[in-house]
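Secondary and tertiary structure notes
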Amino acid sequence: MAEIWYFIQNQILGMNWLNDLVAFLLTNMGVDTSTRVGGSLQFFIYDVLKITLLLCLLIFIISYIQSYFPPERSKKILGRFHGLGANIAAALLGTVTPFCSCSSIPLFIGFTSAGLPIGVTFSFLISSPMVDLGSLVLLMSIFGTKVAVMYVILGLIIAIVGGALIERMHMEKYIEGFIMNAKHIDMEESTLSVKERIEYAQEQVSSTFKKVFPYILIGVGIGAIIHNWIPESWIETVLGSNNPFGVILATMLGVPMYADIFGTIPVAEALLTKGALLGTVLAFMMAVTTLSLPSMIMLKKAMKPKLLVVFITICTVGIIIVGYIFNILHGFLII
């Protein structure tokens, strides 16, 4: 059983066969993959192909599942829950919705204007970009099952606790009036056929790929540079165990950036192989996907500064705590 799982982990999810194939082809083309230039080229080609294949497959599967949860149905589902159960339901619903924070915000606004409790909508807003199903599979392909499952669980905890805290603080008055006063019209849910769901999933693959692919190229390019050109001692000094503030630094560095998990994975992978601690690179990933500057600018239009500051503070503190938890367990999780 262990051998079967090892095969799934390394050859199917990790696609080690693809890495070997790229190395073989480059070698036969006269490229020495043991050099910095050759190693960077191998890393770039392999990671772009691997992430692209996983991206298209995951978006298709998740979009097909998502076709069963249009906004109107999602609102009705969330409306059935109350208290902490509603926060849990919203966080779980976020795992089958858009991959980045900017595309989650319109749904958040729609849920809020529909009259759902503010804490429930914030649990969704935190969870959606941070812990979607795509992140689970991608993290499994790079860091292993234990890391991926623990990342998703802790991400969901941040979303649930964050939404519950905002609910307890009664911050509804800090949502912009045009959202709270928007008229909500119930629309009948349309029943899609299997063919229509497949077409919808194909459309989502095409549109998401076009939007995400530039960030994949940038992320893999940065990863290739880190992997082959930056000395390990530099990474270990800044983001390794020698710097107790590495998690905080990585979180702060991630906030101004804009990408999704597909673009941050290769950077995190390269940092880890160069000596950065696991929790530090995961904190960086969480900050980029959840607290990117463009999404904060969009949220500024939907909420008043006090609520935005509370949201950013809760997410930042949660991400930093998760980062330190992973760093403590680094030796156990990375074998």
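Residues numbered from 1 in each chain as written. Predicted model: local features only at pLDDT ≥ 70, side-chain atom pairs only at ≥ 80, totals over all residues. Heavy atoms only, no water.

Scanning the protein for helices and strands turns up 18 helices and zero strands. Within the protein, residue pairs in contact and separated by at least 24 positions form 84% of the contacts whose partners lie at least 6 positions apart. Working note: accessible area of the protein is about 15,700 Å², and carbon and sulfur atoms make up 70% of it. (Helix = DSSP H or I, 4+ residues; strand = E, 2+ residues; numbered from the N terminus. Contact = heavy atoms within 4.5 Å. Areas by Shrake-Rupley, 256 points an atom, 1.4 Å probe, with all protein chains shown as cover.)

All right, on to the packing of helix H7 (residues 118-130) against helix H15 (residues 278-290) then. Contact geometry for H7 and H15: axes closest at 8 Å, N-to-C directions at 120 degrees. Here H15 runs oblique to H7, going by the angle between their axes. Crossing geometry of H7 relative to H15 is assigned as right-handed. Two secondary-structure elements touch here, H7 through Ile 126, Pro 129 and Met 130 and H15 through Met 286, Thr 289 and Thr 290. (Axes fitted to C-alpha atoms, helices over the stretch in contact; angles between N-to-C directions. Parallel < 35°, antiparallel > 145°, perpendicular 65-115°, else oblique. Left-handed = near helix turned anticlockwise from the far one by under 90°.)

Let us look at the confidence of the model for the protein. Parts of the prediction with low pLDDT should not have their coordinates interpreted in detail. For the protein, mean pLDDT is 82; residues scoring 70 or higher make up 89% of the total. Across the protein, the element-wise mean pLDDT spans from 67 in helix H1 (residues 2-13) up to 92 in helix H17 (residues 305-328). (pLDDT = per-residue confidence, 0-100.)

Take the packing of aromatic side chains next. Here the structure, examined in full by the defined rule, presents four aromatic pairs. Here Phe 108 and Phe 122 contribute two aromatic rings whose centre-to-centre distance is 5.1 Å and whose plane-to-plane angle is 70 degrees, an arrangement assigned as edge-to-face. Pair noted here: Phe 108 is in helix H6 (residues 101-113) and Phe 122 is in helix H7, with a separation of 14 residues, a long-range link. Accessibility classification places Phe 108 together with Phe 122 in one group, the buried group. (Phe/Tyr/Trp six-rings, centres within 6.5 Å; stacked < 30°, edge-to-face > 60°. Buried < 20%, exposed > 50% of the residue type's maximum accessible area, 1.4 Å probe, protein only.)

A cluster of nonpolar side chains, contributed by Val 149, Ile 153, Ile 157, Val 161, Leu 165 and Met 169, occupies part of the molecular surface with about 490 Å² of accessible area. Mapped onto the secondary structure, Met 169 falls in the loop between helix H9 (145-168) and helix H10 (177-180). (Patch = residues over 30% accessible without salt bridge, like charges linked within 9 Å, V, L, I, M, F, W, Y side chains within 5 Å. Salt bridge = Lys/Arg side-chain N within 4 Å of Asp/Glu carboxyl O.)

A few words now on the side chain of Arg 197. Here Arg 197 shows up in helix H11 (residues 194-229). Among all residues touching Arg 197, those that are not within four sequence positions of it are Tyr 64, Ser 67, Tyr 68 and Leu 192.

Take the packing of helix H3 (residues 36-66) against H11 next. For the pair H3 and H11, the least separation of the axes is 7 Å and the interaxial angle reads 155 degrees. The orientation of H3 relative to H11 falls into the category roughly antiparallel. Remark: the crossing between H3 and H11 carries right-handed chirality. Partitioned by chemical class, the residues of the contact of H3 with H11 number 23 nonpolar, twelve polar and three charged. (Nonpolar A, V, L, I, M, F, W, Y, C, P; charged D, E, K, R; others polar.)

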